[in-house]
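In case you want the letters, here they are:
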Amino acid sequence: MSDDPAVEAQGLVRRFGDDAALHEVSFDVAPGELYGIIGPDGAGKTTLFRILVTLLLPDAGTARVLGRDVVKDLWNLRSRIGYMPGRFSLYPDLSVAENLGFFAALFDTTIAEARETIAPIWVQLEQFAARRAGALSGGMKQKLALCCALVHRPEILFLDEPTTGVDAVSRKEFWDLLARLRDEGLPIVVSTPYMDEAIRCDRVSLMQGGRLLVTDRPAEIGRGYPRPLLAVRGSNILGLLGALRGFPHAAAVWPFGEALHYTDARRDAQVEQITRELAAHVQSAGLSGVSMSPIAASIEDAFMWYMAQEQAA
Amino acid sequence: MRAFVGFVRKETLHLLRDRQTLAILLLFPVVQVLIFGFAVRTDVRDIAIAIVDPTPDVATLELRERIDASDRFHIVGVAPSARGLDPQFRGGAIRQALVLPAGVERRLGRGDSLPVQLLTDGSDPNTGGIMQGYATAIVERWYRDAVPATGALRIEARARMRYNPTLESSHLFVPGLVAFVLTIVSALMTAISISREKETGTMEMLLVSPIRPTAIVAGKVMPYIGLGFVSVLLVLVAARAVFGVPLRGSLVLLLAESGLYIVTALALGIVISTKAPNQRTAMIAALAGLMMPTLLLSGFIFPLDSLPRVLQYLSYAVPARWFLTIVRGIMIKGAGLATLWQETLILMGMTLFLLAKGSRGLAIRLG
Amino acid sequence: MTGHAIDARALTRRFGSFTAVDAITFHVEPGEVFGFLGANGAGKTTAIRMLIGVLAPTSGSATVAGYDLKTQAEQVRRRIGYMSQKFSLYEDLTVQENITLYGGIYGVSDRDIVTRTGEILGRIGLEHAGDELVRDIPLGWKQQLAFCVALLHRPAVVFLDEPTGGVDPITRRRFWELIYEAGAAGTSVLVTTHYLDEAEYCRRISIMVDGAIAAMGTPAEVRKAVGAETLDEVFLKLTRPGTAA
């Protein structure tokens, strides 16, 4: 394992026609790090990944993976990178074993040689070895795709939205596998639209509109939330939403599960004061049985805050 | 090498797994042979003919017998005069009528000229011409046998259809079918199989691997080369079994030339797939861009001589035209490389050009 | 007549020897937002396809919008709306053309189409995008638009199959506000999702496991019944009994 940063991206720009899919994206990934790019569809994640795995040329900026330039050292990198594209990109008419065997052959190796690397995933897949890939469940398809990306024992993994459209339990199992691989020292860059998956990463960048909004360890991102945040509960959610949005100091009000998250626009206001004023406000709107309490911001709160800032700018 | 073998294996599996497509591909050559052999055949059988014989005698009876004995004709009536023929033609009761003069035997004995009139339904000029040919042939032979040799020099103008003396059209369509079937199987399937990888996103997985695009394509097309040979053999066997079409030249040479043309067609498929973003576009491009020229500009359906000058020049650019000439030469004339080397060289040149163009069009990246 | 928007009784669908949906019984009340949850392959999509009348049940019965699924499939289809994850709009038509097309299919009068188009575009902030091709508007708006189009003929029940997949968190919430509004206006909503926090927005939820309904009730009731703190945990306990943490 080399000591070079796993990824160094500097000012990456990519345009499609007049639209810029990436605006000067810079970040780096340390050796052995599990790095998350968190953002919705259309944020530019796939474009960024395709540049990093040598499939697309940047219009400006540079990127090095494993210390090699993604434009110049194309052929060196292609045998060292493991990549799982966003769409399910295996052959549905071939069996699990045939798919895996084909990708092994593609990298001039065999399933037997890769056995140790893929063992943790293969134990879950083995019972389906003869089944057509197209007949697998969503979660199993993703595991097979991961297996195929690992079969040539790559030195870094790029996974573009590996858990999209997969149920919550399969997603959890998939992240458990990634954690195992990371523990063995494999650097992994993974993108996801699911905010709750950010906590499984060592570091994350929140991405929106072709820009990285913020980069930090997941725990720090919530801690950096710049305004007072309260969870407000009540029986009439829709009425409460309207009432809170009508409060003069409201910066943002969004439904979060069974509660509403209220962000106050005043940076230094005390929670007691906000609670008092809000209680009076909702009462005057004719709502009763409302409770509220200050909470720590989640990644998703942070994402929405930075995204709104970005859109306002 | 492992990657190449892996590709051949994978592509073969795709082919075997898709039973419906495979069945269509294997039935296609046979069905084409049957369609062209039975339905579209241009030779004519069982022609209803009327004879006008004002003074029947030994000579005319001999002629009538000869006509009736041929499986191409059956005599539906013998009349003393030509009156009444028109309504029979119009009603479709007869397609031909042979009008003999009076006193045939006497005229023959004296060595007089014999004004024989042959009326033919010309509503389909092609069939008309063929019927005319059949009837004339029988009458001429009968005349030759009937007139005793006089020692005087007789100049006889006669046309003989060379290589296909009986005018069997099933012999002529087989070479065209070989070209047509190979174009469809090889070019279309290659174009579809490559554009399918683009469409489903698997091309992305192939591109990030250390395999060069040329190796990807080479591995992908191998099974289709095999399928191409199978198709050629199917056409030949079906044509022989059902219509007795002979192969006069060398089978080895025919297969070698077919191999060359398969590569030409694959290269065409590759060129199409480098331009087409998805299967649908690839399929339409292959059908419109290849099938029509192969059918119309190769000499398969229309003789090249009968095409407008512009289309004749255009046909020089159609690989199927050269391949068709080669296959006709081998199958029908029994020709060898000594006479077909020019066409072979032209086809090779075209193939190299297409391969170069196709491999240059293969991207090492997306977009 | 039961008065329920959806009333399914022992609804079953088999494919060969495989039972995709195994005698599910549940109901959805008018104006209720009902979360229809389950792992991939648990049978949600098959159940929905039966309820929207495109797949015949093997056994069992159901009424949707008061009409019997087996004998009155035509009436059922007129009274429901459907939006799938691959949203059902034509990318190469404009926003207005899509609305007009769907209005025409469901027999909405021309005058109503005009007024409702104004309402829809105003509600989701696309007033100026009527003549833009659907492919040119951002994903988040497309999904909101698809939802509004599914409501164009004022159906009694609307089925949403993973309507928010891949959407940014702000748009996702805007979408749920549209769902609440539809519910408040009396339309029943049956929605599937992989975001378990979204399940908390539903009045009641059901969780399907291997073709059967393993738990049903308000989110709080389900958590209590399964003995779990969060719906994530509920899900894990129900779908992977052996591995629950």
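Only a predicted model underlies this, so the values are computations on that prediction, with no experimental measurement involved.

### Re the overall build of chain A
Part 1 of the argument: The number of helices and strands found in chain A is ten helices and 14 strands.
Part 2 of the argument: Sorting the 313 residues of chain A into buried and exposed places 50% on the buried side.
Part 3 of the argument: Excluding contacts between residues fewer than 6 apart, the proportion of contacts in chain A whose partners are at least 24 apart in sequence is 70%.

### Examining the overall build of chain B
Part 1 of the argument: Scanning chain B from N- to C-terminus turns up 14 helices and four strands.
Part 2 of the argument: Rg of the C-alpha trace for chain B: 28 Å, well past the compact-globule value of 21 Å for 367 residues, more than 25% over.
Part 3 of the argument: In chain B, which comprises 367 residues, the share counted as buried stands at 37%.
Part 4 of the argument: Partitioning the intrachain contacts of chain B with sequence separation of at least 6 by distance along the chain shows that 78% fall at a separation of at least 24.

### Comments concerning the confidence of the model for chain B
Residue and element names in this part refer to chain B.
Part 1 of the argument: Scored by pLDDT, chain B has a mean of 85; 92% of the residues are at 70 or more.
Part 2 of the argument: Of all secondary-structure elements in chain B, the lowest mean pLDDT belongs to helix α6 (residues 125-146), at 80, while helix α10 (residues 251-275) reaches the highest, 94.
Part 3 of the argument: Of the regions scoring below 50 in pLDDT, residues 150-162 engages in four contacts with residues more than four places distant in sequence or in other chains.
Part 4 of the argument: This complex was scored by the predictor with a pTM of 0.82 and an ipTM of 0.84.

### Focus: the interface of chain C and chain A
Part 1 of the argument: Facing 26 residues of chain C, the contacting portion of chain A comprises 29 residues.
Part 2 of the argument: Residue assignment for the side of chain C that touches chain A shows that the elements contributing at least two residues are α6 (169-184), α7 (196-199) and α9 (231-239) of chain C.
Part 3 of the argument: Broken down by element, the residue count for the side of chain C that touches chain A peaks at six residues, all from α6(C).

### Overview of the interface of chain A and chain B
Part 1 of the argument: Contacts between chain A and chain B engage 24 residues on the former and 21 residues on the latter.
Part 2 of the argument: For the side of chain A that touches chain B, the per-class residue count stands at 15 nonpolar, three polar and six charged.

### Observations concerning the nonpolar core
Part 1 of the argument: With 176 residues, the main nonpolar core has A:Leu52, A:Cys147, A:Val151, A:Phe158, A:Leu260 and B:Val235 as its most contacted residues.
Part 2 of the argument: Ignoring any residue separated from it by four or fewer positions in sequence, one finds A:Leu260 in contact with A:Val232, A:Ile237, A:Leu240, A:Leu241, A:Leu244, A:Val253, A:Trp254 and A:Pro255.
Part 3 of the argument: Of all hydrophobic cores here, the second largest spans 74 residues; its members include C:Val76, C:Ile113, C:Val149 and C:Leu236.

### Structural notes on the pairing of strand β1 (residues 6-15) of chain C
Residue and element names in this part refer to chain C.
Part 1 of the argument: The pairing of β1 with strand β2 (residues 18-28) spans seven bridges and is antiparallel. Across the sheet, residue Arg14 finds its bridge partner in β2, namely Thr19.
Part 2 of the argument: Between β1 and β2, which pair antiparallel and follow one another directly, the connecting turn spans two residues, one of which, Gly16, has a positive phi of 60°.
Part 3 of the argument: The sheet contact formed by β1 and strand β4 (residues 59-64) spans five bridges and is antiparallel. Following the sheet pairing, Arg9 is matched in β4 by Ser61.

### Regarding the packing of helix α8 (residues 219-226) of chain C against α9(C)
All names here are of chain C.
Part 1 of the argument: It is the contact of α8 with α9, at a shortest axis distance of 10 Å, that shows an interaxial angle of 50°. Comparing their axes, α9 and α8 come out oblique. Seen from above, α8 lies across α9 with left-handed handedness. For the pair formed by α8 and α9, the contact residues are Pro219, Val222, Arg223 and Val226 on the first element and Leu231, Val234, Lys237 and Leu238 on the second.
Part 2 of the argument: Here the contact of α8 with α9 is built from residues that sort into six nonpolar, no polar and two charged.

### Observations concerning the arrangement of the chains
Part 1 of the argument: Counting contacts across all two pairs of chains that touch, the top-ranked interface belongs to chains A and C.
Part 2 of the argument: Taking C-alpha atoms only, the smallest gap left between chain B and chain C, which are not in contact, amounts to 16 Å.

### Here we look at the sheet that holds strand β14 (residues 291-294) of chain A
Residue and element names in this part refer to chain A.
Part 1 of the argument: The four strands lie next to each other as β12-β13-β11-β14, forming an open sheet whose pairing is antiparallel. Of all strands in the sheet, those with a lone pairing partner are β12 (250-256) and β14, marking the two edges. Across the sheet, the mean angle separating the axes of adjacent strands is 25° when strand polarity is ignored.
Part 2 of the argument: Strands β11 (229-233), β12 and β13 (259-264) of the sheet are contacted by helix α10 (residues 299-312), whose axis makes an angle of about 140° with β12.

### A closer look at the sheet that holds strand β1 (residues 7-16) of chain A
Residue and element names in this part refer to chain A.
Part 1 of the argument: Across the sheet, which stays open at both edges, the four strands sit in the order β2-β1-β4-β5 with antiparallel pairing between neighbours. Edge positions in the sheet fall to β2 (19-29) and β5 (68-69), since each has one partner strand and no second.
Part 2 of the argument: As paired strands, β1 and strand β4 (residues 60-65) are joined by five bridges and run antiparallel to one another. Pairing of Val7 across the sheet is with Val65, part of β4.

### Considerations on the pairing of strand β9 (residues 204-209) of chain C
Residues and elements named next belong to chain C.
Part 1 of the argument: Bridge count between strand β3 (residues 33-38) and β9: five bridges; the pairing is parallel. Within the sheet, the bridge partner assigned to Phe36 lies in β9 and is Ser206.
Part 2 of the argument: In this structure, β9 lies alongside strand β10 (residues 212-217), joined through five bridges in antiparallel fashion. Across the sheet, Ser206 pairs through a bridge with Met216, a residue of β10.
Part 3 of the argument: What sits between the antiparallel neighbours β9 and β10 is a turn of two residues, in which Asp210 has the positive phi angle 50°.

### Looking at helix α1 (residues 2-17) of chain B
Residues and elements named next belong to chain B.
Part 1 of the argument: Between its terminal C-alpha atoms α1 stretches 22 Å, which fits the 22 Å expected from 16 residues at 1.5 Å a residue.
Part 2 of the argument: Residues of α1 that are buried: Ala3, Gly6, Phe7 and Lys10. Looking straight down α1, one finds that the buried residues subtend no more than 100° of arc, so they occupy a single side. The exposed set on the far side of α1, more than 90 degrees from its buried face, consists of Val5 and Leu16.

### Notes on the packing of α10(B) against helix α11 (residues 279-296) of chain B
All names here are of chain B.
Part 1 of the argument: Where α10 contacts α11, the axes come no closer than 9 Å and their chain directions differ by 135°. With respect to each other, α10 and α11 are oriented oblique. At the point where α10 passes α11, the crossing takes the right-handed sense. Across the interface between the two elements, Leu268, Gly269, Ile272 and Ser273 of α10 pack against Ala282, Ala285, Ala286, Gly289 and Leu290 of α11.
Part 2 of the argument: Taken together, the residues of the contact of α10 with α11 break down into six nonpolar, three polar and no charged.

### Quick word on the environment of B:Gly92
Part 1 of the argument: Residue position: B:Gly92 is located in the loop between α4 (85-90) and β3 (96-99).
Part 2 of the argument: Through-space distance from the C-alpha of B:Gly92 to that of B:Asp121 is 9.0 Å; in sequence the pair is 29 residues apart.

### What to know about the domain arrangement of chain B
Part 1 of the argument: Domain annotation of chain B identifies domain 1 (2-40 + 168-363) and domain 2 (47-146).
Part 2 of the argument: Computed over C-alpha atoms only, the centres of domain 1 of chain B and domain 2 of chain B are separated by 47 Å.

Analysis parameters
- Residues numbered from 1 in each chain as written.
- Chains lettered and ligands numbered in written order.
- Predicted model: local features only at pLDDT ≥ 70, side-chain atom pairs only at ≥ 80, totals over all residues.
- Helix = DSSP H or I, 4+ residues; strand = E, 2+ residues; numbered from the N terminus.
- Buried ≥ 20, exposed ≤ 12 C-beta atoms within 10 Å, placed from the backbone.
- Contact = placed C-beta atoms within 7 Å.
- Rg over C-alpha atoms; globule rule 2.2 N^0.38 Å.
- pLDDT = per-residue confidence, 0-100.
- Nonpolar A, V, L, I, M, F, W, Y, C, P; charged D, E, K, R; others polar.
- Core = buried A, V, L, I, M, F, W, Y, C linked by C-beta atoms within 7 Å.
- Pairing = 2+ DSSP bridges.
- Axes fitted to C-alpha atoms, helices over the stretch in contact; angles between N-to-C directions.
- Parallel < 35°, antiparallel > 145°, perpendicular 65-115°, else oblique.
- Left-handed = near helix turned anticlockwise from the far one by under 90°.
- Expected span 1.5 Å × (residues − 1).
- Arc of directions from axis to C-beta.
- Domains from an automatic or database assignment.

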